[in-house]
Amino acid sequence: MRRLLHTAFKPQLFLLLAAGLLLTIVVRENRFFAFVAGITMISIMWAAGMNLLTGYAGLVSLAFAGIAGISAYTTVGLVMRLGWSFWLAMPVAALGAAAVGVLLGLPSLRLKGFYFALSSLVIQTVLSLGFVYFVNLTNGDTGISQIPPPDIPFTGAVLRGTSFDLLLTFAAWFSLVAVWAIVHSPFGRRLIAIREDEVLAEAIGIDVVRNKMLVFFVGSLFAGVGGALYATYVGFASPRSFDLLSSLSIWLMVAFGGRGTLMGPVVGALILAPVPFLLQQYDTLKDVIYGALIIAVIVLLPGGIYGALVSFARSLPLLRRLSTPYKKSVPHDRSVHGA
Amino acid sequence: MLETEALVIKYGPFLALDGVDVSIGEGEIIGVIGANGAGKSSLVRAIAGLVPAASGRVVFKGRALGGEPPHQRIRMGIALVPEGRGLFTRMSVEENLMMGGYPLPSRNRMAGNMLRCFDLFPVLRERRHQLAGTLSGGQQQMLAISMGLMSEPELLILDEPSLGLAPIVIGEIGEQLKQLKSSGMTILLAEQNATLTGNITDRIYVLQTGRVRYHDKPDVLFRMPEVAESFLSI
Amino acid sequence: MTDLFTARNLCKRFGGVHALRNVDVTQRAGETLGMIGPNGSGKTSFVNAVTGELALDSGRIDFEGAEITGARPHKVADAGLARTFQAVRLFGKLSVRDNLETAMLVLEDPAHTLEAAERLELLQWLKLDNRLQAEAGSLTLFEQRRLELAMRLMMRPRLIMLDEPVGGLAPGEIRAMMQILQELKARCSIFVIEHTMRVIRELADRVVVLIIGEKIADGPPAEILKDKRVVEQYLGTAHA
Amino acid sequence: MMSSAALLVAISVITTGLVLGVIFSLVAAGVTIVYGSIWLPNASNGQFFLTAALICWSFATWLAMPIWAAALLTLLVSLPISYLLEATLIRRFYDVPDRNIAYFVVTLGVTQILSGIFSVTYGRWSDQFNLPPVVSGITFIGPFPMTNNRIFVLAAASVLLALLFVMLRFHPYGRALRAVFQNREAAALRGVNVRAIYRLSFALGMLSIFAGGILYGMAYSFDLTVAWTMAVTAFAIMIVGGPGSVLGAVVVGMVFGFTQAAVSIFANPTVATFSYLAAMLVILLIKPSGLFAR
Amino acid sequence: AMPARAQSGQPITVGVITELSGPYSFFGTACRQGVEFAEKKIAAEGGVLGRPLNFKIVDDQTNPAQAVAAARSLDVQDNVLAVTGPTSSDIALAVYGYAEQNKVPFVVPVAAFAQLTKPGTHYTFRVEPDAVGWGYAAAKFIAAQKPGAKLALMYNDIALARAIVAGIKYQAPKENISIVSDILFPQGSNDATVQAAQVVAAKPDYVYLATVGAFDVTATNQLLDLGIKPEQIIHNVGTTSTLLGYGARSIGSIYGSFFDANLDNVTAEGHQFVDEYTQAVGRIPSYVENFCYNTPYIVKAAIEKAGSADREKFRDAMSALNMVEPTSGVPISFDKNGARKEYMYYMQLTGVAPPKSYTAKKLFYIEWAPETLPVYDLVK
Ligand SMILES: Nc1ncnc2c1ncn2[C@@H]1O[C@H](COP(=O)(O)OP(=O)(O)OP(=O)(O)O)[C@@H](O)[C@H]1O
Ligand SMILES: Nc1ncnc2c1ncn2[C@@H]1O[C@H](COP(=O)(O)OP(=O)(O)OP(=O)(O)O)[C@@H](O)[C@H]1O
Ligand SMILES: [Mg+2]
Ligand SMILES: [Mg+2]
């Protein structure tokens with residue numbers, strides 16, 4: 001906690017916040033762009049969590065959106081059926097989702113590297129099936145509409161419009177602060193050690209199991225909070241909102257921006273999240289453009305956009321402190337890891 | 001049999017080999033010794049076609065080698081047993097040996113060679129069905145050497161074969177290499193120390209930071225104090 | 001002297017292979033124990049068993065009076081028993097500094113830094129102090145072995161098990177490493193596996209010999225290295 | 001003695017299990033061969049599966065080709081497609097660290113492009129596509145009438161699988177493929193032309209995915225949504241079966257086929273679906289490298 | 001001259017949020033066609049209130065978030081009078097949420113969810129009869145065909161199908177129809193042979209299919225393979241592409257509908273629409289396209305009734321609307337929750353001429369008021 005506050009006051013992170021708030025204010029007049037910005041903020045939050053798992057701990061979890069969904073549905077249920085306050089429901093739901101996240105992370109104890117990614121892909125499909133199937137909880141593929149925005153406690157008013165957007169901006173910023181704090185904490189170092197070599201990590205006294213579970217918990221928290229905010233922000237939740245494609249696009253933001261860097265996923269989210277909204281007019285080309293964009297980046301800058309920027313960034317003192325440089329792994333098949 | 005002429009190898013800006021000339025005659029056993037990072041592996045890897053020469057050339061049986069990749073060079077008769085052994089850890093000992101004989105045209109030649117390897121290192125026969133990755137360090141080394149022999153090379157290159165072997169086995173391998181030599185095989189041996197190279201090689205090249213520092217018969221070399229000091233076995 | 005660690009009739013089979021057969025080993029505090037044996041005789045397996053990498057079929061292991069049988073590797077490391085690997089194992093992509101700092105995490109005291117005097121002199125002693133920024137993977141083997149050692153010492157172990165610490169080093173480097181190990185004795189007890197007899201002869205107070213997973217001899221190097229079976233099955237006449 | 005109703009259902013389960021099983025196996029085999037040599041987790045395998053079916057459909061409907069000709073031609077078409085992909089996208093990553101991740105991103109891009117194209121072309125023309133039967137008529141298996149078309153699909157797929165299996169098991173190529181997967185440099189040193197193996201594996205994998213798509217189109221009418229379900233199924237089968245193991249793909253594929261065939265026998269199909277995916281995870285926890293991984 | 005002057009006023013814009021890409025692109029595109037035809041004709045007829053009536057079409061990518069974003073952009077950027085368009089029910093529901101919260105009139109052309117017009121709905125109007133009603137009508141139809149019939153149900157695990165089945169199960173006992181087999185398919189099912197066998201074993205008089213997309217055709221064929229007669233198969237609804245997809249062997253099978261080119265109540269304008277649509281798309285329109293074609297006319301009528309392009313006035317006009325479908329003369333009116341007065345046809349396929357058209361004959365027609373059955377107790 002102390003560390004967290006400490007980090008929160010780092011000037012460069014403040015700058016980020018300022019930028020975010022500025023953006024929110026600028027677009028506030030146009031509710032459409034404001035909405036797109038809001039979704040982008042949530043995406044940043046998700047990407048940050050995914051990055052913690054994928055980038056730092058080396059655990060590619062494609063069930064991420066599913067976990068967000070669990071939290072979203074729980075929040076909505078608690079708010080709309082039991083009449084809880086959002087501010088009580090959201091943490092409860094997020095914690096619940098995080099617990100599930102830990103559970104679904106268990107295979108990673110045995111499955112090495114990308115193999116876990118592939119199995120998590122299957123887990124995601126199971127979750128999607130679940131969202132459709134447990135109609136009385138999720139209202140099936142119909143989805144739940146008219147989800148009320150968060151209430152403002154003790155006032156009876158609700159949080160909507162620009163104030164909600166600002167909340168999202170803060171949330172996104174805070175998640176970056178959190179990731180920063182974690183990465184620069186002993187826990188963060190342990191994660192990196194585990195990513196690099198589990199056997200060695202254990203030999204120097206790192207409890208691999210415990211730390212993996214822990215990172216799944218934390219990462220899923222990001223997913224959960226994001227999910228709860230997403231549902232209330234969009235005002236609608238359906239299995240389609242939390243399906244495999246969503247997981248993949250979040251993961252893509254990370255890979256696209258640059259794994260294992262603080263800013264990479266932000267860049268990724270800032271670019272990829274708005275694309276589908278802004279291209280709504282180009283229904284025939286949209287997907288092609290999106291796909292081509294992804295391919296182009298990975299072909300031209302294998303380290304992700306930010307990965308490529310880092311070397312340049314190092315020359316700028318401010319960015320330097322923001323960037324944990326992108327590390328490439330040794331060119332050897334046994335490290336390109338599989339089962 | 002094989003010459004390198006002013007061979008230069010770069011890793012990015014880093015100069016690993018800086019104009020090395022070695023020549024290996026038909027049926028010789030040649031040693032290359034040098035401390036860590038002297039460039040032994042770079043040299044042998046270049047000969048095997050794993051790393052490109054920045055300049056200079058490698059001439060094999062009178063023919064200058066260009067960009068031939070390793071899989072072609074082994075068919076010409078150059079087999080490298082790399083540092084780190086280059087085993088297929090999740091394959092059985094037997095399958096590894098079969099991979100060793102991959103370039104062979106006929107199955108029964110493969111079988112024949114395999115038997116010879118088993119006679120060379122009986123422990124491999126016992127462990128023929130064990131996964132290579134689970135062999136002990138030394139057993140793995142023996143398997144690696146056998147894989148090199150499987151393809152019936154004219155020039156067998158070993159990069160630090162004595163690594164991790166029990167003293168007695170090092171002795172045995174020495175004997176085996178002598179036999180191979182007498183059966184007409186040419187051998188290039190890269191080593192850190194002279195335990196193995198000392199008594200079996202015809203000539204030794206001493207590499208130092210990418211250059212040939214000395215080159216002579218072992219007995220002559222090891223009478224030089226500075227060489228003895230840093231390479232003679234302990 | 002008190003027993004630092006004891007292993008009582010350890011057994012481990014891999015299918016038909018006896019990696020360890022009722023192996024009893026005891027090491028006293030301050031003592032340097034050597035282990036030799038032909039390839040595949042079970043030395044590494046022994047270390048793996050003691051440090052929890054390998055699940056035993058039967059047997060009991062105590063360290064500083066507490067049982068650690070079946071404890072997971074990180075627990076063993078926590079308890080003060082460090083080990084190195086036969087093939088050097090480092091976080092190759094991380095800097096030397098990061099490697100060292102990661103190894104210090106086990107101490108869990110927030111105040112600790114690499115700059116603490118004790119650690120600095122450790123690094124100077126191992127001649128790593130000016131390589132802190134280098135990528136661990138790009139170090140020479142000798143440097144890597146030293147870094148490995150430094151990482152273990154960061155954990156303030158009472159016992160360190162070294163699996164072939166001079167494997168792959170050139171003679172000159174071997175001498176240097178032996179010097180280091182001599183000085184290391186002052187810091188913690190050492191258990192060392194080696195195929196280089198000089199290391200055993202000069203460092204070990206006592207030597208254990210494994211052959212096909214069985215302990216066949218245990219005593220001071222001088223005698224052991226003359227032992228008929230050891231010479232026949234391990235050293236070979238050349239060395240005798 | 002079973003009642004004829006029960007017998008009917010029983011036989012229908014068996015035949016359906018077989019048909020689904022061989023098709024799953026074929027696609028999974030394609031996926032597993034590619035991943036098990038190049039470390040290429042092909043996220044677009046489902047889309048290519050669909051591509052095959054659609055191409056075959058186009059040949060049959062627009063060019064009014066006889067279905068068998070359309071099928072063969074489609075298989076041929078897979079070769080230039082593989083070559084193009086290999087030359088433009090796949091090849092450049094052969095030496096990249098973490099290339100399985102890079103590949104996953106790239107193939108996701110390809111998926112996006114293909115699905116985008118399909119949804120605005122075929123997707124707008126029709127909401128389902130059918131291939132005419134290759135052979136007509138019905139054969140009775142006890143009380144159960146099985147269309148000869150399904151029998152044909154079953155036979156064709158089985159033959160292809162057998163061929164793949166034999167090739168990987170008894171031809172040196174099979175061992176070379178696993179060798180390259182495990183330690184590429186060592187394989188090169190032992191005389192394996194790594195890039196040739198890569199190219200071959202990719203083409204072979206695409207070929208069997210295409211075959212799977214065509215046969216699926218012959219057995220069932222299909223729409224664009226089949227791509228993702230198939231992609232996930234194929235990955236699931238590969239993980240459980242072990243990478244590079246065609247045997248694993250076949251066995252696990254069959255299990256998946258039969259489970260899907262049998263679900264409706266259980267009280268609740270969706271729950272049954274959960275349970276077999278759960279079973280998959282359990283298997284993985286017990287044997288992480290996959291049942292048939294070496 | 002008259003139209004020219006008429007259109008001088010500044011245009012009234014209505015937003016169309018529909019699926020032009022993603023899984024539903026087929027229906028979205030078909031719907032867009034219908035809307036665009038009507039748009040042209042209305043323009044030719046001189047627009048509305050002397051102002052052009054424009055429809056701005058946006059792709060929702062079959063994705064709720066995208067749909068909401070689209071609704072928002074149409075609302076705040078283009079300031080549309082109303083929105084319409086989605087053909088996928090969950091998308092429609094997402095837009096519904098936005099519409100009700102932000103007081104944007106929402107006319108749903110093809111989405112059969114009762115939830116879209118649940119009590120308290122104020123701004124949303126559903127043109128397509130709701131799915132529970134489909135089931136109700138099916139039960140009525142079967143009872144009329146064969147008293148005491150034995151019925152088998154096969155349906156996918158999707159909301160639409162569950163709603164239909166709820167309707168059937170509610171009405172069946174009242175019509176003393178016995179349900180002899182009740183089979184649910186998980187999403188992503190490929191094969192229905194086993195289920196078909198189970199159905200055959202249960203010896204039903206009719207099999208009611210509420211399956212979707214390609215699987216619908218697969219299931220049909222596999223039922224036929226196992227010896228079920230076409231006459232025994234009832235499809236929840238029939239769209240041209242699926243009806244043609246079933247192929248010649250399923251001639252005689254039955255399907256529900258709300259408009260059919262083969263009906264004799266098709267008006268002159270209806271025929272003109274059918275011809276033009278067939279010209280352009282190469283396939284005769286089904287009820288989907290028809291609803292989308294009629295929707296602009298509904299909007300137009302409401303604007304004229306309201307006499308202005310004010311959202312509140314428009315909404316009131318909608319709920320008081322009383323007109324007939326220009327294509328078929330079927331009456332259109334909405335109850336206080338915006339639910340349309342329910343009706344349904346059951347047709348029998350009598351011939352196919354792929355890829356263009358098919359012939360069918362009417363077996364049954366029924367109308368009923370939305371409150372006839374407790375829809376909102378049956379589907380939450
Ligand atoms: N892939 C590489 N990239 C960059 N530098 C390299 C690479 N491989 C080797 N080097 C450097 O080239 C020099 C020579 O390396 P090489 O492995 O040939 O020496 P060596 O004599 O084999 O050492 P050793 O006895 O440790 O095997 C060393 O300084 C090493 O750091
Ligand atoms: N996972 C395993 N599966 C099967 N056999 C194994 C496994 N691990 C080790 N072995 C066998 O156990 C025996 C002991 O292996 P170990 O590595 O302990 O030998 P070692 O004494 O360290 O040999 P070296 O001096 O060559 O390193 C060897 O015969 C080895 O093949
Ligand atoms: Mg070397
Ligand atoms: Mg060992």
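Our subject is the structure that appears above.
Procedures and definitions
- Residues numbered from 1 in each chain as written.
- Chains lettered and ligands numbered in written order.
- Predicted model: local features only at pLDDT ≥ 70, side-chain atom pairs only at ≥ 80, totals over all residues.
- Heavy atoms only, no water.
- Axes fitted to C-alpha atoms, helices over the stretch in contact; angles between N-to-C directions.
- Helix = DSSP H or I, 4+ residues; strand = E, 2+ residues; numbered from the N terminus.
- Parallel < 35°, antiparallel > 145°, perpendicular 65-115°, else oblique.
- Contact = heavy atoms within 4.5 Å.
- Nonpolar A, V, L, I, M, F, W, Y, C, P; charged D, E, K, R; others polar.
- Disulfide = S-S within 2.5 Å.
- Buried < 20%, exposed > 50% of the residue type's maximum accessible area, 1.4 Å probe, protein only.
- Near = heavy atom within 4 Å.
- Polar contact = N/O pair within 3.5 Å; in protein donor to acceptor, adjacent residues only side chain to side chain.
- Areas by Shrake-Rupley, 256 points an atom, 1.4 Å probe, with all protein chains shown as cover.
- Donors = N, O, S within 2.8 Å, 3.2 Å for Na, K, Ca; no water.
- Buried area = accessible area lost by both parts, 1.4 Å probe.
- Salt bridge = Lys/Arg side-chain N within 4 Å of Asp/Glu carboxyl O.
- 1 Å grid on protein atoms, 1.4 Å probe; cavity = no way out; pocket = protein on both sides within 12 Å on 5 of 7 lines; lining within 4 Å.
- Points joined across faces, edges and corners; volume = space filled by probe spheres on them.
- Core = buried A, V, L, I, M, F, W, Y, C linked by side-chain atoms within 4.5 Å.
- Pairing = 2+ DSSP bridges.

Asker: Outline the packing of helix α7 (residues 172-182) of chain D against helix α9 (residues 194-219) of chain D, supporting the account with residue identities and numerical values.
Answerer: Residues and elements named next belong to chain D. At a minimum axis separation of 10 Å, α7 and α9 run at an interaxial angle of 105 degrees. Looking at the two axes, α7 sits roughly perpendicular to α9. In contact with Tyr173, Ala176, Leu177 and Val180 of α7, α9 contributes Val194, Ile197, Tyr198, Leu200, Ser201 and Leu204. Residues of the contact of α7 with α9, tallied by class, amount to 9 nonpolar, 1 polar and no charged.

Asker: Break down the state of the cysteines for me, with residues and values.
Answerer: Residue and element names in this part refer to chain E. Under the defined criterion, the tally for this structure stands at 1 disulfide over all chains. Paired through a disulfide, Cys31 and Cys292 show a sulfur-sulfur distance of 1.9 Å. A torsion of -100 degrees about the S-S bond marks the disulfide between Cys31 and Cys292 as left-handed. Of this pair, Cys31 sits in helix α2 (residues 25-44) while Cys292 is found in helix α11 (residues 287-306), placing the two residues 261 residues apart along the sequence. The class for Cys31 is buried, based on a relative accessible area of 1%.

Asker: For the site of ligand 1, give the residues involved together with the corresponding values.
Answerer: All names here are of chain B. Taken together, 14 residues lie near ligand 1, and Asn36, Ser41, Ser42, Glu83 and Gln192 sit nearest. Taking Lys40, its side chain carries an N or O atom lying 2.7 Å from an oxygen atom of ligand 1. Within the contact set of ligand 1, an oxygen atom lies 2.5 Å away from a side-chain nitrogen or oxygen of Ser41. Burial of ligand 1 by the protein amounts to 65% of the accessible area it has alone, namely 620 Å². Looking at the shell around ligand 1, the elements that each hand over two or more residues are β2 (14-24) and α1 (40-48). The leading source of residues in the shell around ligand 1 is α1, at 3 residues.

Asker: Talk me through the coordination of the magnesium ion (ligand 3); I want residue IDs and the actual numbers.
Answerer: Residue and element names in this part refer to chain B. Distances from the magnesium ion (ligand 3) to its protein donors, Ser41 (OG), Glu83 (OE) and Glu83 (OE), fall at 1.7 to 2.6 Å. Linking Ser41 in helix α1 with Glu83 in the loop between β6 (78-81) and α3 (93-100), this pair joins segments that are 42 residues apart in sequence. Ser41 sits in the buried class, given a relative accessible area of 15%.

Asker: Explain the interface of chain A and chain D to me, and be specific about the residues and the numbers.
Answerer: Of the residues lining the interface, 46 residues belong to chain A; the matching set on chain D comes to 52 residues. Buried area between chain A and chain D, both sides added, is near 4300 Å², and the carbon and sulfur share of it is 76%. Scanning the region where chain A abuts chain D turns up 0 salt bridges. On inspection of chain A and its partner chain D, the count reaches 1 residue pair in polar contact (both at pLDDT 80 or more). For the side of chain A that touches chain D, the elements supplying multiple residues, two or more each, are α6 (114-133), α12 (244-257) and α15 (286-300) of chain A. No other element matches the 12 residues that α6 of chain A contributes to the side of chain A that touches chain D.

Asker: Talk me through the layout of surface pockets; I want residue IDs and the actual numbers.
Answerer: Volume-wise, the second largest pocket comes out at about 1300 Å³. The wall of the second largest pocket is formed by 43 residues, among which Phe129, Asn130 and Leu131 of chain D together with Leu244 and Gly245 of chain E lie closest to the centre. Of all the secondary structure elements, the ones that give two or more residues to the lining of the second largest pocket are α2 (45-61), α5 (122-125), α6 (148-170) and α9 of chain D together with α2, α8 (213-225) and α9 (240-246) of chain E. Counted by class, the lining of the second largest pocket contains 19 nonpolar, 19 polar and 5 charged residues.

Asker: Can you tell me about the site of ligand 2, naming the residues and giving the values?
Answerer: Taken together, the neighbourhood of ligand 2 is formed by 22 residues, with Gly138 of chain B together with Gly40, Lys43, Thr44 and Ser45 of chain C sitting nearest. Nearby residues place ligand 2 at the junction of chains B and C. Within the contact set of ligand 2, an oxygen atom lies 2.8 Å away from a side-chain nitrogen or oxygen of Asn39 of chain C. Protein contacts shield 87% of the accessible area of ligand 2, which totals 630 Å² for the unbound molecule. Put simply, the parts of the chain that give the shell around ligand 2 at least two residues each are α6 (137-150) of chain B together with β2 (17-28) and α1 (43-51) of chain C.

Asker: Which residues make up the nonpolar core, and what values do they have?
Answerer: Grouped together as the largest cluster of nonpolar side chains are 375 residues, with contacts concentrated most on Trp251 of chain A, Ile36 and Leu100 of chain C together with Phe104 of chain D. It is helix α1 (residues 4-38) of chain D that contributes the most residues to this core, 18 residues altogether. The contact partners of Phe104 of chain D, leaving out residues within four places of it in the chain, are Leu62, Phe114, Leu121, Leu248 and Trp251 of chain A together with Pro41, Ala43 and Phe235 of chain D. Residues Val127, Ala172, Ile177 and Tyr345 of chain E belong to the second largest nonpolar core, which totals 99 residues.

Asker: Just give me the short version of the coordination of the magnesium ion (ligand 4), but keep the residues and values in it.
Answerer: Only Thr44 of chain C (OG1) and Gln86 of chain C (OE1) from the protein coordinate the magnesium ion (ligand 4), and they sit 1.9 to 2.1 Å from it. Here the residue Thr44 of chain C occupies a position in helix α1, and Gln86 of chain C occupies one in the loop between β6 (81-83) and α3 (96-104), the gap between them amounting to 42 residues.

Asker: Describe the sheet that holds strand β5 (residues 66-67) of chain C, and please don't skip the residues or the numbers.
Answerer: All names here are of chain C. Spatially, 4 strands are ordered β2-β1-β4-β5 in an open sheet, and the strand pairing comes out antiparallel. The sheet terminates laterally at β2 and β5, the two strands that pair on one side only. Pairing of strand β1 (residues 3-14) with strand β4 (residues 58-63), which is carried by 5 bridges, proceeds in the antiparallel orientation. In the strand pairing of β4, Arg8 is matched with Arg60. In this fold α1 packs onto β1, β2 and β4, with an angle of close to 65 degrees to the strand it touches most, β2.

Asker: Lay out the pattern of salt bridges in plain terms, naming residues and giving numbers.
Answerer: Under the counting rule described, the total for this entry stands at 58 salt bridges over all chains. Here Glu121 of chain C makes a salt bridge to Arg187 of chain C, at a shortest N to O gap of 2.9 Å. On the criterion of sequence distance, the pair formed by Glu121 of chain C in helix α4 (residues 117-125) and Arg187 of chain C in the loop between α6 (171-184) and β8 (189-193) is long-range, its members being 66 residues apart. Looking at Arg187 of chain C, the relative accessible area reads 37%, which means it is partly exposed. The shortest N-O distance in the salt bridge between Arg249 of chain E and Asp225 of chain E comes to 2.8 Å. Here Arg249 of chain E, found in the loop between α9 and β10 (254-257), pairs with Asp225 of chain E, found in helix α8; they are 24 residues apart in sequence, far enough to count as distant. With a relative accessible area of 41%, Arg249 of chain E lands in the partly exposed category. Here the residues in one salt-bridge network are Arg28, Glu31, Arg206, Lys215 and Asp218 of chain C, joined through shared partners.

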